[in-house]
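# Descriptive structure summary
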Amino acid sequence: MLDLNEMKQFILDKTKDNAMNFKDKLPFYSEDGKYTFNEYGGWTGGFWCGLNFLCYEMSKDKFYIEAARASRHRFVERLYEKPESLDHDIGFLYGLSCVADYKITGDEKAKKIALDAADALIARYNETGKFIQAWNVRTPGDPFSEENRGRIIIDCMYNLPFLFWATEVTGDEKYKRVAVGHADTCAKYIIRSDYTSFHCYIFDPDTGKPKCGKTYQGYADDSCWSRGQSWAIGGFTYAYAYTGDKKYLEIAKKCADVFIDLLEDDNVPMWDFKLPDKDGEERDTSAGATAAASMLELSKHVADDERNYYVDCAKKILESLYSNYSTKDMADEQGLLLHGCGHKPKNKMVDCSLIYGDYYFAEAVARLLDDTVRYW
């Protein structure tokens, strides 16, 4: 049985303790129970800000607003002085740090930063192929890095709400046009016919011609990386929420159904759903938390019988995460959730706390308490 108030207090207490220790630093993943930091946030810095904004909404304690804003100078410096360090995860970074701030407090500076970041994101759009380039060419001449010129990844679906929001607040359709173009390309190529998802899809950057699907962070190209599947659920749900295009809703539902069908008995996923042998393999609590929050959004857009189904599934995931995978009885652990799996094929960020897992866990709890506006 979910005790949402107990879960909320756990989130509030641990996040406040962390904020007092972290100050303006941006946590990423844990080592030996302590969070490591990325100076400019990598792709995950916004999740720490978003977590603090959620805590403010659940408590009305302004401490969390100040904690969320403490690192704003890092986001500002990165956007205006180090734009080459940005990639398609601009939505994760500036949506949860600045859009959330604007929605909650009306802060005009946050709005301005977010809209400038939205301009940077649409500048990555390949008009010929109708996709937002995911990663940068970090090492010219290296085959993998060169392939990035035409690479999309499923994670970007969760960055598109940032662009839909930009059109909402400015009335300028250029942001929505890019978001729809990218969503349509993902729907056609990165979602398979059985509604599992590739992690990546590669296009010829000059002609836009599709080449092949790959799964860089999953077990194999034709497997189903569980966090990627969770990005698909939420990404296509929000695409429907902003456009009303029912094909997006259908994809979101079917991707959610696949996720639910492939869960383990305790309702928390393995790091990849198609592992040939699960013995000794890691779970990914961040995938479970992301899916739970995404299913709660999905439940708002479906018929009553389906609504109850997705809410119940989200609750089962959350109950297991809290009971079996949280740090509620571990004062020395800084993360909220244990057993996240960042990048198993490279053996990086494996069996640790992940700041995005913590964020989505808190978002799902706040949603069930009806204590949050939608940041996406």
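Residues numbered from 1 in each chain as written. Predicted model: local features only at pLDDT ≥ 70, side-chain atom pairs only at ≥ 80, totals over all residues. Heavy atoms only, no water.

### Remarks on the pairing of strand β8 (residues 340-343)
Bridge analysis of β8 against strand β9 (residues 348-352) gives 3 bridges, and the strand direction is antiparallel. Following the sheet pairing, His343 is matched in β9 by Lys348. (Pairing = 2+ DSSP bridges. Helix = DSSP H or I, 4+ residues; strand = E, 2+ residues; numbered from the N terminus.)

### Here we look at the sheet that holds strand β7 (residues 210-214)
Taken together, the 3 strands give an open sheet; going across it, the order is β5-β6-β7, and neighbouring strands pair in antiparallel fashion. Of all the strands in the sheet, just β5 (151-153) and β7 have a single pairing partner and so form its edges. Each adjacent strand pair in this sheet contributes to an overall mean axis angle of 20°, direction not counted. Pairing between β5 and strand β6 (residues 200-203): 3 bridges, direction antiparallel. (Axes fitted to C-alpha atoms, helices over the stretch in contact; angles between N-to-C directions.)

### What to know about the layout of surface pockets
Taken as a whole, the largest pocket spans an internal volume of roughly 700 Å³. Taken together, 27 residues make up the lining of the largest pocket; nearest its centre are Trp43, Trp135, Tyr216, Gln217 and His343. Within the residue set of the lining of the largest pocket, elements represented by two or more residues are α7 (143-147), α10 (226-243), β8 and β9. Among the residues forming the lining of the largest pocket, the class breakdown is 10 nonpolar, 9 polar and 8 charged. Of the volumes computed, that of the second largest pocket is approximately 220 Å³. Taken together, 15 residues make up the lining of the second largest pocket; nearest its centre are Lys14, Asp17, Met330, Ala331 and Glu333. (1 Å grid on protein atoms, 1.4 Å probe; cavity = no way out; pocket = protein on both sides within 12 Å on 5 of 7 lines; lining within 4 Å. Points joined across faces, edges and corners; volume = space filled by probe spheres on them. Nonpolar A, V, L, I, M, F, W, Y, C, P; charged D, E, K, R; others polar.)

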